[in-house]
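# Fold and geometry: a report
If you want the building blocks of each chain, they are given just below.
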Amino acid sequence: MRSGNPALNDKTVEGLEASQEAMTLEGTVNKTALLLLLVVLTASWTWERTLQAESPAQIAPYILIGALGGFVVGRRSG
């Protein structure tokens, strides 16, 4: 399939070796379930902390830590 995207040309994958292990459906489902569980747990904890806070200033440190953590993770994976 041809694409005008310069990141999707043959030179992008040139020199990369294929992994010895193939991705399986079971592995994909397991990892998806684990990540979904982690997202639901952290979201419910955050929601509970927000409902218990008497003022926005009480949850501001959590927002700051989450934003900085998101930027760090996004910067490393990008």
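For the structure given in this document, a descriptive report is provided here.

Conventions and cut-offs
- Residues numbered from 1 in each chain as written.
- Predicted model: local features only at pLDDT ≥ 70, side-chain atom pairs only at ≥ 80, totals over all residues.
- Heavy atoms only, no water.
- Helix = DSSP H or I, 4+ residues; strand = E, 2+ residues; numbered from the N terminus.
- Rg over C-alpha atoms; globule rule 2.2 N^0.38 Å.
- Buried < 20%, exposed > 50% of the residue type's maximum accessible area, 1.4 Å probe, protein only.
- Areas by Shrake-Rupley, 256 points an atom, 1.4 Å probe, with all protein chains shown as cover.
- Lys, Arg positive; Asp, Glu negative; His and termini not counted.
- Charge placed at Lys NZ, Arg CZ, Asp CG, Glu CD.
- Patch = residues over 30% accessible without salt bridge, like charges linked within 9 Å, V, L, I, M, F, W, Y side chains within 5 Å.
- Salt bridge = Lys/Arg side-chain N within 4 Å of Asp/Glu carboxyl O.
- Phe/Tyr/Trp six-rings, centres within 6.5 Å; stacked < 30°, edge-to-face > 60°.

### Quick notes on the overall build of the chain
- Scanning the chain from N- to C-terminus turns up two helices and zero strands.
- In terms of C-alpha radius of gyration, the chain reaches 20 Å, well past the compact-globule figure of 12 Å for 78 residues.
- Across its three principal axes, the chain shows a C-alpha extent of roughly 55 × 30 × 20 Å.
- Looking at the chain as a whole, 1% of its 78 residues qualify as buried.
- In the structure as shown, the chain presents an accessible area of about 7800 Å², 64% of it carried by carbon and sulfur atoms.
- Charge-centre separation for the chain: the mean point of 6 positive side chains lies 10 Å from the mean point of 7 negative side chains.

### Things to note about a nonpolar patch on the surface
- A grouping of Leu34, Leu35, Leu37, Leu38 and Leu41 is seen on the molecular surface, where their side chains present a nonpolar patch of about 480 Å² in accessible area.
- As for its position among the elements, leucine 35 is in helix H1 (residues 25-52).
- For leucine 35, a relative accessible area of 53% translates into the label exposed.

### Observations concerning the packing of aromatic side chains
- The tally for this structure, following the rule as stated, stands at one aromatic pair.
- With a centroid separation of 5.5 Å and 85° between ring planes, the pair formed by tryptophan 45 and tyrosine 62 is classed as edge-to-face. On the criterion of sequence distance, the pair formed by tryptophan 45 in helix H1 and tyrosine 62 in helix H2 (residues 56-77) is long-range, its members being 17 residues apart.
- You can call tryptophan 45 partly exposed: its relative accessible area is 47%.
- Classification of tyrosine 62 as partly exposed rests on a relative accessible area of 38%.

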